[in-house]
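Letter by letter, the chains look like this.
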Amino acid sequence: MSATLSLPRADGSLEIYRLTGTPIAQPQTVPVFNRIAYAAAHIVSDPLRDLDPWGRPAIDWERTMAFRHHLWALGFKIAEAMDTSQRGMGLDWAGAQELIRRSLTEARTVPGADLACGAGTDHLAPADTRSLDDVIRAYETQIGFVEKEDGRSIMMASRALARIATSPDDYRKVYGRILSQTKDKVVLHWLGDMFDPQLKGYWGAEDFNTALDTVLSIIDENKAKVEGIKISLLDNACEVALRNRLPDGVLCFTGDDFNYAELIEGDGEKYSHALLGIFDAVAPSASKALASLANGDVATFRAVIEPTVPLSRKIFEAPTQYYKAGVVFLAWMNGHQRHFTMPAGMQSARGVLHYADIFRLADKANVLDMPDMAAERMKAFMVTQGV
């Protein structure tokens, strides 16, 4: 008999909810995809050592690395030290360096494991930024660290640059200078202000088409150093417009946690690769779907991945920057950590109704890997919320 529990509704009433989902089986061997698929991975806090959870949160490195092994076993590359890891919202540059160093070391122990590392300017406070040269030096510091550790970089969007830049030419100057120096090709990072309000007006314009022209000019001028660009605007039309205008050999990575299923499948002519935070939360489903797509089984791809989209839309609903709470909540539900505690107390960023909806949608999407355990954990969580 499937588990039941009481869950709150928006009108203040309770419902008796019965689980109906079927877990996705773990593959026997590492699957092969025909799309590049990066999962942006979260970090696991250590509440038993967390003496300063807002200022310098303790990290459970054993469980954090174990989760990366989980993703590699499912066929994913890892986008390390990105915003899913609470970069700039609980994980500072010192913590990011340790995370990058440990993950690169761990990857070398796993045949075929791959990752790229977020490099930005977050050790430079936007309010302390006085010139474009400050931004350039900050990027040089972080990309230099990644390269020294023999890693590849994802050039993250910069709050400091968004604050100090006065025109598209300022972005061309900064990106041109950095890309001319990088050892390897990098992935650029277009993160909308729904993910980070401090990035409003990135690329020197609030108008999408003007911003698109600027970023394409940067790519055209530096395409020998650009592997691709991740775009996270939660608007599939914007992504398709970018994808259709990219130079040959430059890849489009969807970061659209609302529309990823159709963007990855493509329109028959072009498709997007993936660099997604939601893949952290729905990794077994995404793995099965991508493997099916690679085998030409589009029907199974759709049947497996499409039910995860309503779940992702709930996790990433406004205010979108707090989506990390839902990602970690599901990691706890699925047994990847023993608690629901996050750096900087981020678990408090969402309310009980949000988590109840995530639980229902995760069940319907077959994302709860161990339903009975998830039900028991959800019951315990509901008690702490007054249910």
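Read on for a plain summary of the structure. (Residues numbered from 1 in each chain as written. Predicted model: local features only at pLDDT ≥ 70, side-chain atom pairs only at ≥ 80, totals over all residues. Heavy atoms only, no water.)

1. Remarks on the packing of aromatic side chains
Just so we agree on the cut-off: Here a pair means two rings of Phe, Tyr or Trp (six-membered ring of Trp) with centres within 6.5 Å. Their orientation is stacked below 30 degrees between planes, edge-to-face above 60, and tilted elsewhere. Working definition: helices are DSSP H or I runs of at least four residues, strands are E runs of at least two. Numbering for both runs from the N terminus. Categorising residues by exposure relies on relative accessible area from a 1.4 Å probe, with only protein chains included: less than 20% of the type maximum marks a residue as buried, more than 50% marks it as exposed, and the intermediate range marks it as partly exposed.
Here the structure, examined in full by the defined rule, presents 25 aromatic pairs. Considering the side-chain rings of Phe 76 and Phe 279, the 5.4 Å spacing of their centres and the 50° angle between planes classify their relative orientation as tilted. Residue Phe 76 is found in the loop between α1 (61–73) and β4 (77–80), and its partner Phe 279 is found in helix α9 (residues 278–281); the two are separated by 203 residues along the sequence. For Phe 76, a relative accessible area of 3% gives the class buried. Classification of Phe 279 by relative accessible area gives buried; the value is 0%. Between the aromatic rings of Phe 195 and Phe 316, the centroid separation amounts to 6.1 Å while the plane-to-plane angle is 65°, which identifies the pairing as edge-to-face. Taken together, the residues span a long stretch of sequence, with Phe 195 in the loop between β7 (186–191) and α6 (208–221) and Phe 316 in the loop between α12 (308–315) and α13 (323–333) at a distance of 121 residues. Owing to a relative accessible area of 4%, Phe 195 belongs among the buried residues under this scheme. Looking at Phe 316, the relative accessible area reads 0%, which means it is buried. Ring pairs connect the aromatic residues Tyr 139, Tyr 171, Tyr 175, Trp 190, Tyr 202, Trp 203 and Phe 208, which therefore count as one cluster.

2. Considerations on the nonpolar core
Note the following rule: We define a nonpolar core as any set of buried Ala, Val, Leu, Ile, Met, Phe, Trp, Tyr and Cys residues linked to one another through side-chain atoms lying within 4.5 Å.
Core analysis: the biggest nonpolar cluster contains 123 residues, and Phe 76, Tyr 175, Phe 279 and Leu 330 have the highest contact counts within it. Listed in part, the 10 residues of the second largest apolar core include Tyr 38, Met 82, Ile 154 and Leu 275.

3. Quick word on empty space enclosed by the protein
Quick reminder of the rule: Throughout, the protein atoms alone are placed on a 1 Å grid, and a set of points is a cavity if a 1.4 Å probe fits but cannot get out or a pocket if it is open with protein on both sides within 12 Å along at least five of seven lines; lining residues have an atom within 4 Å of a point. Grid points are joined across faces, edges and corners, and a volume is the space filled by probe spheres set on the points. Three residue categories are used. Nonpolar comprises Ala, Val, Leu, Ile, Met, Phe, Trp, Tyr, Cys and Pro, charged comprises Asp, Glu, Lys and Arg, and polar comprises the others, including Gly.
The tally for this structure, following the rule as stated, stands at 2 cavities of 30 Å³ or more. Volume-wise, the largest cavity comes out at about 50 Å³. Elements with a contribution of two residues or more to the lining of the largest cavity: α1, α9, α10 (283–294) and α13. Tallied by class, residues from the lining of the largest cavity come to 7 nonpolar, 3 polar and 2 charged. Taken as a whole, the second largest cavity encloses approximately 40 Å³ of empty space. Lining the second largest cavity, in full, are Asp 83, Thr 84, Leu 191, Phe 195, Lys 230, Ser 232, Gly 255, Asp 257, Leu 275, Leu 276, Gly 277 and Tyr 323.

4. Quick word on helix α15 (residues 371–384)
In plain terms, the rule: Expected span, for any helix, means 1.5 Å times one less than how many residues it has. Arc definition: it is the arc formed by the directions from the helix axis to the C-beta atoms. Contact between two residues is taken to exist if any of their heavy atoms lie within 4.5 Å; hydrogens are not considered.
For α15, with 14 residues, the first-to-last C-alpha span of 20 Å sits near the 20 Å given by 1.5 Å per residue. Here α15 has its buried residues at Ala 374, Ala 375, Met 378, Phe 381 and Met 382. Mapping the buried residues of α15 onto a view down its axis gives an arc of 125°, with all of them on the same face. Exposed side chains of α15 directed beyond 90 degrees from the buried face belong to Asp 372, Val 383 and Thr 384. Looking at the buried residues of α15, the elements they touch are β1 (4–8), α13 and α14 (352–364). Note on α15: the residue one or two positions beyond its end, Gly 386, has a positive phi of about 90°.

5. Description of unusual backbone geometry
Cis geometry marks the peptide bond from Ala 318 to Pro 319; its omega dihedral reads -5°. Structurally, the position occupied by Pro 319 is in the loop between α12 and α13. A positive phi angle is found at Gln 86, which is not glycine, with a value near 65°. Structurally, the position occupied by Gln 86 is in the loop between β4 and α2 (93–107).

6. Side note on the sheet that holds strand β6 (residues 153–155)
We count it as follows: Strands are labelled as partners when DSSP assigns at least two bridges between them. For helices, the fitted axis covers only the stretch in contact; all axes are lines through C-alpha atoms, and the angles between them, taken along N-to-C directions, range from 0 to 180 degrees.
If you walk around this closed barrel you meet the 8 strands as β3-β4-β5-β6-β7-β8-β9-β10, and the pairing is parallel. With direction set aside, neighbouring strand axes in the sheet form an average angle of 30°. As defined by bridge partners, strand β3 (residues 37–40) adjoins strand β10 (residues 273–276) across 3 bridges and the pair is classed as parallel. Bridge pairing in β10 links Ala 37 to Ala 274. The strands that α2 touches are β4 and β5 (115–119); relative to β5, the one it contacts most, it runs at about 170°. In the packing of helix α3 (residues 132–148) onto the sheet, contacts are made with β5 and β6, and the angle to β5 comes to roughly 160°.

7. Some points on the layout of surface pockets
Estimated volume of the largest pocket: approximately 360 Å³. When its residues are assigned to classes, the lining of the largest pocket shows 11 nonpolar, 5 polar and 7 charged.

8. Some remarks on the pairing of β1
Across 5 bridges, the pairing between β1 and strand β2 (residues 14–18) is antiparallel. Of the residues in β2, the one forming a bridge with Leu 7 is Glu 15. Counted between consecutive antiparallel strands, the loop separating β1 from β2 contains 5 residues, among which Gly 12 sits at a positive phi close to 95°.

9. Remarks on the packing of α10 against helix α11 (residues 298–305)
Applied cut-off: Just so you know how the angles are binned, under 35 degrees is roughly parallel, over 145 roughly antiparallel, 65 to 115 roughly perpendicular, and the rest oblique. Crossings are assigned a handedness: left-handed for a near helix turned anticlockwise from the far helix by less than a right angle, right-handed for a clockwise turn.
At their nearest, the axes of α10 and α11 sit 7 Å apart, and the two run at 165° to each other. When the axis of α10 is compared with that of α11, the two are roughly antiparallel. Here α10 runs over α11; the crossing is left-handed. Of α11, the residues touching α10 (which contributes Ser 285, Lys 288, Ala 289, Leu 290, Ser 292 and Leu 293) are Val 298, Thr 300, Phe 301, Val 304 and Ile 305. Of the residues contributing to the contact of α10 with α11, the split by class is 7 nonpolar, 3 polar and 1 charged.

10. Details of the pattern of salt bridges
Rules: A carboxyl oxygen of Asp or Glu within 4 Å of a side-chain nitrogen of Lys or Arg is what we treat as a salt bridge.
Counted according to the given criterion, the structure contains 24 salt bridges. Glu 227 serves as the salt-bridge partner of Arg 152, at 3.8 Å between the closest nitrogen and oxygen. Taken together, the residues Arg 152 in the loop between α3 and β6 and Glu 227 in strand β8 (residues 226–232) connect sequence positions 75 residues apart. When its relative accessible area of 22% is taken as the criterion, Arg 152 is described as partly exposed. Assessed through its relative accessible area of 17%, Glu 227 is described here as buried. With a closest N to O distance of 2.5 Å, Arg 302 and Glu 265 form a salt bridge. Residue Arg 302 is located in helix α11, and its partner Glu 265 is located in helix α8 (residues 260–265); the two are separated by 37 residues in the primary sequence. Accessibility expressed as a relative area gives 38% for Arg 302, which makes it partly exposed. Each of Glu 15, Lys 314, Glu 317, Asp 357 and Arg 360 takes part in one network of salt bridges that share partners.

Read these as layout, nothing more, since geometry by itself doesn't imply function.
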